Amino acid sequence: MPPTSPSSPNPSRRRFLLGTTAALGAGAASTLGLPGTASAAPRLATGTLYIASDSTAQTYNSSFYPQAGWGQMLPGFFTSNITVANRAIGGRSSRSFIEQGRLAAIHQVIKAGDYLFVQFGHNDATIGNAERYTSPADYKEYLRNDYIRATRSRGATPVVVTPVSRRSYNASTGQFNVSFPAYVDAAKAVAAEERAPLVDLSALSRTYLNGVGIEPSKKLFLWLSPGQYPNFPNGVSDDTHFQQNGATQMARLVAQAVSKLGLPLSGEVKPAAL
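Not measured: the values here are computed from a predicted model.

Definitions and cut-offs
- Residues numbered from 1 in each chain as written.
- Predicted model: local features only at pLDDT ≥ 70, side-chain atom pairs only at ≥ 80, totals over all residues.
- Heavy atoms only, no water.
- Helix = DSSP H or I, 4+ residues; strand = E, 2+ residues; numbered from the N terminus.
- Buried < 20%, exposed > 50% of the residue type's maximum accessible area, 1.4 Å probe, protein only.
- Pairing = 2+ DSSP bridges.
- Contact = heavy atoms within 4.5 Å.
- Axes fitted to C-alpha atoms, helices over the stretch in contact; angles between N-to-C directions.
- Left-handed = near helix turned anticlockwise from the far one by under 90°.
- Nonpolar A, V, L, I, M, F, W, Y, C, P; charged D, E, K, R; others polar.
- Expected span 1.5 Å × (residues − 1).
- Salt bridge = Lys/Arg side-chain N within 4 Å of Asp/Glu carboxyl O.

A.B. asks: Can you help me understand unusual backbone geometry in this one?
C.D. replies: Trans peptide bonds make up the majority, and among non-glycine residues the majority have a negative phi. Of note, the amide linkage connecting Tyr65 to Pro66 takes the cis form, showing an omega dihedral of 15 degrees. Structurally, the position occupied by Pro66 is in the loop between β1 (47-52) and β2 (67-68). Positive phi is not limited to glycine here, since Phe180 has a value of about 55 degrees. Looking at where Phe180 falls in the secondary structure, it is placed in the loop between β7 (175-176) and α6 (181-194). Judged by its relative accessible area of 9%, Phe180 is buried.

A.B. asks: Help me understand the sheet that holds strand β9 (residues 221-224) in this model?
C.D. replies: Backbone hydrogen bonds hold the strands of a sheet together, and the pairing may be parallel or antiparallel. Strand order in this open sheet of three strands is β2-β10-β9, and the pairing throughout is antiparallel. Edge positions in the open sheet fall to β2 and β9, since each of these has one partner strand only. In this structure, β9 lies alongside strand β10 (residues 236-243), joined through four bridges in antiparallel fashion. Across the sheet, residue Leu222 finds its bridge partner in β10, namely Asp238. Along the sheet, helix α8 (residues 244-258) contacts β2 and β10; its crossing angle with β10, the most-contacted strand, is approximately 35 degrees.

A.B. asks: Would you mind going over the packing of helix α5 (residues 136-152) against α6 with me for this structure?
C.D. replies: Two quantities define a packed helix pair, namely the angle between the helix axes and the distance between the axes. At a closest axis distance of 9 Å, the pairing of α5 and α6 adopts a crossing angle of 35 degrees. Between α5 and α6 lies a crossing of right-handed hand. For the pair α5 and α6, contact is made by Pro136, Tyr139, Lys140, Leu143, Arg144, Ile148, Arg149 and Arg152 and by Ala182, Tyr183, Ala186, Ala187, Ala189, Val190, Glu193 and Glu194, respectively. In terms of residue class, the contact of α5 with α6 is built from 10 nonpolar, no polar and six charged.

A.B. asks: How do you make sense of the pairing of β1 when you look at a structure like this?
C.D. replies: Two faces make up the sheet, and in a regular strand the side chains alternate between them. Summarising burial for β1: six of the six residues are buried, a large majority. Side-chain alternation along β1 places Gly47, Leu49 and Ile51 on one buried face and Thr48, Tyr50 and Ala52 on a second face that is also buried. For β1 and strand β4 (residues 115-118), the ladder comprises four bridges, and the chain directions are parallel. When the sheet's bridge partners are listed, Ala52 is paired in β4 with Val118.

A.B. asks: Explain α5 here, please?
C.D. replies: Here α5 is 17 residues long and its end C-alpha atoms lie 22 Å apart, about the 24 Å a rise of 1.5 Å per residue gives. With 15 of its 17 residues buried, α5 lies for the most part within the structure.

A.B. asks: In this structure, what is going on with the pattern of salt bridges? I would like to understand it.
C.D. replies: A pair can form between side chains of opposite charge whenever their charged atoms are brought close. Evaluated as defined, the whole model comprises 10 salt bridges. Across the salt bridge formed by Glu193 and Arg144, the nearest N and O atoms sit 2.8 Å from each other. A residue pair is termed long-range when its members are at least 10 positions apart, and Glu193 in helix α6 and Arg144 in helix α5 qualify at 49 residues. Given a relative accessible area of 12%, Arg144 falls into the buried group. Sharing partners across several salt bridges, the network here consists of Lys140, Glu141, Arg144, Arg149, Glu193 and Glu194.

Below, the structure is given as structure tokens:
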């Protein structure tokens, strides 16, 4: 991925969904504890977990097998009380997901007791693509106003997810790099400022990948040999997207983190995921 730039897109392109989110956010934040500090919560009767994200979380149909996103595999780690509505779609940034009306569509149906998991950063960092690029500063404000405060105003709980790691590593140390560090830092900062639950998938996935190793990690990402799968007859070497096994492991990391947040949702993580 190209490096980020301090420049920002034209302010006229910025569109926030609620004019009153600033006022709403302060009040809502005061009612929530810091991530991981809440006491044990009662189990949910029912609830929907919405995902706003990109291709790393997207649900793929059978014509893409074995490619999968972590959001696609997440339902297997929660009880039947939880419905996962995966709205992640490839090529979207925090800004374009809003501008295309995709977040508004979630906000039209999300209700009190539901959750919105938001993970962006991969496409926000694409400086050469005007439709996608979002500066880290603007990314932070979109998370704050549109994803956190506007979701809370509907009685639902936003959960900030830092961008999952790419297969990017330091060959001299054998350790995986932090992917999109400016966006990771911005996500963590706004979650702390707004007292929003945080899943640091960046750190969790990097720790997991370091344990797997550089060469074995190809079996998690979309590294396929020619003729290995009918859907990829020429093979592929992709350090961003996951095979089904890799997506499953990333989903497991998300579920394990959720189990420690002290939310009502935490009690709906299946024991097998822990």
